[in-house]
Amino acid sequence: MECIKIFSDSWHSWDKVNLCYSYSKLDFDLQLFAGEKTEEGTAKRKGEAREKGQVAKSTEVNSVFVILAAFFTLKIIGSYIYDELIGYMQLVFTNLVLPDITINSLQEIFFGFGVVFLKTALPMMCVILLISLTINFIQVGFIFSLEPLMPSFSKINPIAGFGRLFSKRSIVELAKSILKIVIIGYFIYRFMIKQTLQIPALVGAELIDSLHLTASLILDLVFQISAVMMVLAAFDYFYQWWEHKQSLMMSKDDIKQEFKQMEGDPQIKGKIKQRQRAMSMQRMMQEVPKADVIVTNPTHFAVALKYDKEMLAPVIVAKGQDLIAQKIKEIAKENSVVIVENKILARALYAAVEINQPVPPELYQAVAEVLAYVYKLKKRFS
């Protein structure tokens, strides 16, 4: 804790102020920001969310297009539906006044009602289903996921439900609903004010004329409201897309953990590679005593060559640089393997040939001379 003296200028005198502060208050703990979700979601996270059915989708867009499709269909086939209903009602009321009503006649009436219902409602239902599936496919593509239907304790947990009730998403949805009601209510009120003069005309009109006028007014109102809802749906879609993107945001630690899960822990991978190198080195050193000759630099490189009559060309069974080269030479001395110093050949073999690979044709002559020298030495000492 340190104190700093500050003098302030007042109207009548200099007031001495002691300001004490702690450096610890000025220190920022950078670890607090490590968990902040500042990175865009990875492809893996987006794929997992999609498999769970979590996608950016606006129900408002679906609702608008379904309403438009339903009323467009109704406007196109409205006269057909009217004729079918009128014809069936005439048939039913004609049969009902007959004195000999039987079970068979009632069955025919109900069967006819089912047929008329299918003939009038089925086209509209098919159009609504087709439009709904098409809009869903345009928004999110093809998704088949049973994850949202799976039972989960969090869905029936009252505490979690109470939290969702006052969550950010719930508040936004409530605000959207209120805004939608206000805007649509305003347009309905304005439409009714404009059409007030036509309503008295319905009193003295014929039934068919009044029905046509009512249907026309309703369709005009629906199309106007649908235009307003289309604008609201566009805003809702972009909001849903932004919210979905925000929900997939990740922190730097999340990305690191995901990378570890996908690629494996770097420390474990490093230990595995280290052990693999050690095992490979051990196998290579076991081949040194079987070599015919060790070609050296003489200090920096060492290459072990082996040749049998069954081989097409000599093969490098071991090679190394610096400390490994020294180890190869030590093992060779312990097992009486001939060591030949040839700087140019040692460097060329080390750079051009891998372990257990044959010598390239351009080095045949140099290697053959070394092997001939080795065989001559062995023959002499034998």
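Worth saying up front: this structure is predicted, and the values here are computed from it rather than measured.

Undergrad: Outline the sheet that holds strand 4 (residues 301-306), supporting the account with residue identities and numerical values.
TA: One open sheet accounts for four strands, arranged 5-4-3-6; its pairing is mixed. On the outer flanks of this sheet lie strand 5 (315-321) and strand 6 (338-341), each paired with one strand and no other. Neighbour-to-neighbour, the strand axes of the sheet open up by a mean angle of 20°, direction not taken into account. Of the strand pairs in this sheet, strand 4 and strand 5 are connected by six bridges, and their pairing is antiparallel. The residue bridging alanine 304 from the neighbouring strand is alanine 318, located in strand 5. This element, helix 11 (residues 323-334), spans strand 3 (293-296), strand 4, strand 5 and strand 6 of the sheet and lies at about 125° to strand 5. Those strands touched by helix 13 (residues 364-381) are strand 3, strand 4 and strand 6, and its axis lies near 135° from that of strand 6.

Undergrad: Lay out the pattern of salt bridges with the relevant residues and their values.
TA: Applying the stated criterion across every chain, the model contains five salt bridges. Here lysine 119 ties to glutamate 84 by a salt bridge, and the two come within 3.3 Å at their closest N and O atoms. Here lysine 119, found in helix 4 (residues 103-140), pairs with glutamate 84, found in helix 3 (residues 59-96); they are 35 residues apart in sequence, far enough to count as distant. For lysine 119, a relative accessible area of 36% corresponds to the partly exposed category. Note that lysine 319 and glutamate 354 form a salt bridge whose closest N and O atoms lie 3.9 Å from each other. In this pair, lysine 319 sits in strand 5 while glutamate 354 sits in the loop between helix 12 (343-352) and helix 13, placing the two residues 35 residues apart along the sequence.

Cut-offs and rules
Residues numbered from 1 in each chain as written. Predicted model: local features only at pLDDT ≥ 70, side-chain atom pairs only at ≥ 80, totals over all residues. Heavy atoms only, no water. Pairing = 2+ DSSP bridges. Helix = DSSP H or I, 4+ residues; strand = E, 2+ residues; numbered from the N terminus. Axes fitted to C-alpha atoms, helices over the stretch in contact; angles between N-to-C directions. Contact = heavy atoms within 4.5 Å. Salt bridge = Lys/Arg side-chain N within 4 Å of Asp/Glu carboxyl O. Buried < 20%, exposed > 50% of the residue type's maximum accessible area, 1.4 Å probe, protein only.

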